[in-house]
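Summary of structural features
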Amino acid sequence: KDKASGGFIKGQELTILVLITDKITIPVGFEFHESDPVLKDWKKSEKDLKKKGVAKKDRPIKPEQNKDYPDALDIALKLLKVFKQNHPEIKIKSILADALYGANRFVSQASKIFKKTQIITQAKTNQKIKSFGKYISIKDYFIKNPGVPKKLKIRGGEEQTVTMHGARLVLKAHGVKRYIIALKYEGESEYRYLLASELTWRLTDIAAAYTLRWLVEVFIQDWKGYEGWCQLAKQPGIDGSCRGVILSLLLDHCLLLHPSQTASIKNKLPASTVGSLRDRERANAILETIESLVADTNSSIVNELKDCISKVIPLRKSSKHMSGRELGRLEPTDSLVKYQKAA
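Everything in this summary refers to the structure shown in the same document.

Rules of the game
- Residues numbered from 1 in each chain as written.
- Predicted model: local features only at pLDDT ≥ 70, side-chain atom pairs only at ≥ 80, totals over all residues.
- Heavy atoms only, no water.
- Helix = DSSP H or I, 4+ residues; strand = E, 2+ residues; numbered from the N terminus.
- Buried < 20%, exposed > 50% of the residue type's maximum accessible area, 1.4 Å probe, protein only.
- Contact = heavy atoms within 4.5 Å.
- Areas by Shrake-Rupley, 256 points an atom, 1.4 Å probe, with all protein chains shown as cover.
- Lys, Arg positive; Asp, Glu negative; His and termini not counted.
- Charge placed at Lys NZ, Arg CZ, Asp CG, Glu CD.
- Polar contact = N/O pair within 3.5 Å; in protein donor to acceptor, adjacent residues only side chain to side chain.
- Pairing = 2+ DSSP bridges.
- Salt bridge = Lys/Arg side-chain N within 4 Å of Asp/Glu carboxyl O.

**Overview of the overall build of the protein chain**
Scanning the protein chain for helices and strands turns up eleven helices and eleven strands. Split into buried and exposed, the 343 residues of the protein chain put 41% on the buried side. Here the contacts in the protein chain between residues at least 6 apart in sequence split such that 62% fall between residues at least 24 apart. Counting only carbon and sulfur atoms, one obtains 53% of the accessible surface of the protein chain, whose full area is about 19,800 Å². Distance from the positive charge centre (60 side chains) to the negative charge centre (39 side chains) of the protein chain: 9 Å.

Right, here's the structure in full:
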């Protein structure tokens, strides 16, 4: 989910569905939405009243969600349903989302849309889990049960030492068992927590799979930095917003079909960054202009310029696409099926 800006409706947000494969990372769905103004005002009032020490019984009751203003969870579930309907032949092994989507409503319904698919999100530190018949916070549980160092391959690339531990525990907010994982990277002092819906996966496979979610952030960075998203919005309103998104996504697809890019992906070599592809094409456009002005296109001047372009603007390895890297093991383990049956 990303805040919209640059000529878009104030308060408008964009939810993006991105598909990560063993070769490419590509956007496959998006939808604009706005926050319910009544609910937004209530949240602001609730925060102020809490700060003033007003008791809960004396504070206004939370208003029901207006169907005309679906929240981020409803939007995300809608995008998943539409993708499933349009592409039933594509097998989804895991759905990755941040802490916003850690609610039982999202995890349970996403599991129904894509059955036997692992749903992994971040969990909040204060969520309660059952340990020896008592509910305690996730943070307190892992203070008593600290992690151990393990080697973990990050996004199919280099291995890092990660301190982690996990357990299949009843999550109070969900009312069922979830695989709860605590992990921290080298140099970090605090754990971050994950929850996973399928209990048949190994701890390291869940942790490694979740590292792939960062590719969505890389995509958004490329989208904003090199492909015009949020930079060239001239038309206000939803129509203007959609046109800007469509144009920038078309550019993303065009660069994905760049001859150098397709050759690398076809040969299982690392893909090139959007920035270096764009810079190379800008230089080529200048060269084509010079060629059109020079009668002999085989002149030494043009050939020297061609050589210079590849040296001055080298194609850099992309961290967005998985081409040339391992996607990792994204599947259940037979010996762990007993945990799912007992859940």
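**Notes on the side chain of His 33**
If you trace the backbone, His 33 turns up in strand E3 (residues 25–34). Judged by its relative accessible area of 8%, His 33 falls in the buried class. For His 33, the side chain forms a polar contact with the side chain of Thr 15, separated by 2.9 Å.

**What to know about the pairing of strand E8 (residues 148–153)**
Sheet topology places E8 next to strand E9 (residues 159–171); six bridges connect them, and they run antiparallel. What sits directly across from Pro 149, in E9, is Thr 163. As consecutive antiparallel partners, E8 and E9 are separated by five residues, and within that stretch Arg 155 has a phi angle of approximately 50°, a positive value.

**Looking at the side chain of Glu 198**
Locating Glu 198 in the fold gives a position in the loop between strand E11 (192–196) and helix H5 (203–210). For the buried Glu 198, no salt bridge is present, and the opposite-charge side chain at shortest range is Arg 178, 7.2 Å distant. Not counting the four nearest positions on each side in its chain, Glu 198 is found in contact with Lys 116, Thr 117, Gln 118 and Gln 340.

**Here's the deal with the pattern of salt bridges**
Inspection of every chain in the model, using the stated rule, returns 14 salt bridges. With a closest N to O distance of 2.7 Å, Asp 74 and Arg 105 form a salt bridge. One end of the pair, Asp 74, is in helix H2 (residues 72–86); the other, Arg 105, is in helix H3 (residues 104–113), and 31 residues separate them in sequence. For Asp 74, a relative accessible area of 32% gives the class partly exposed. Taking the relative accessible area as the measure of exposure, Arg 105 reaches 32% and is therefore partly exposed. A salt bridge links Asp 205 to Arg 329; the nearest nitrogen and oxygen atoms lie 2.9 Å apart. In this pair, Asp 205 sits in helix H5 while Arg 329 sits in the loop between helix H10 (300–312) and helix H11 (337–342), placing the two residues 124 residues apart along the sequence. For Arg 329, a relative accessible area of 31% gives the class partly exposed. Among the ionic contacts, a cluster of salt bridges with common partners joins Arg 202, Asp 205, Arg 329 and Glu 331.

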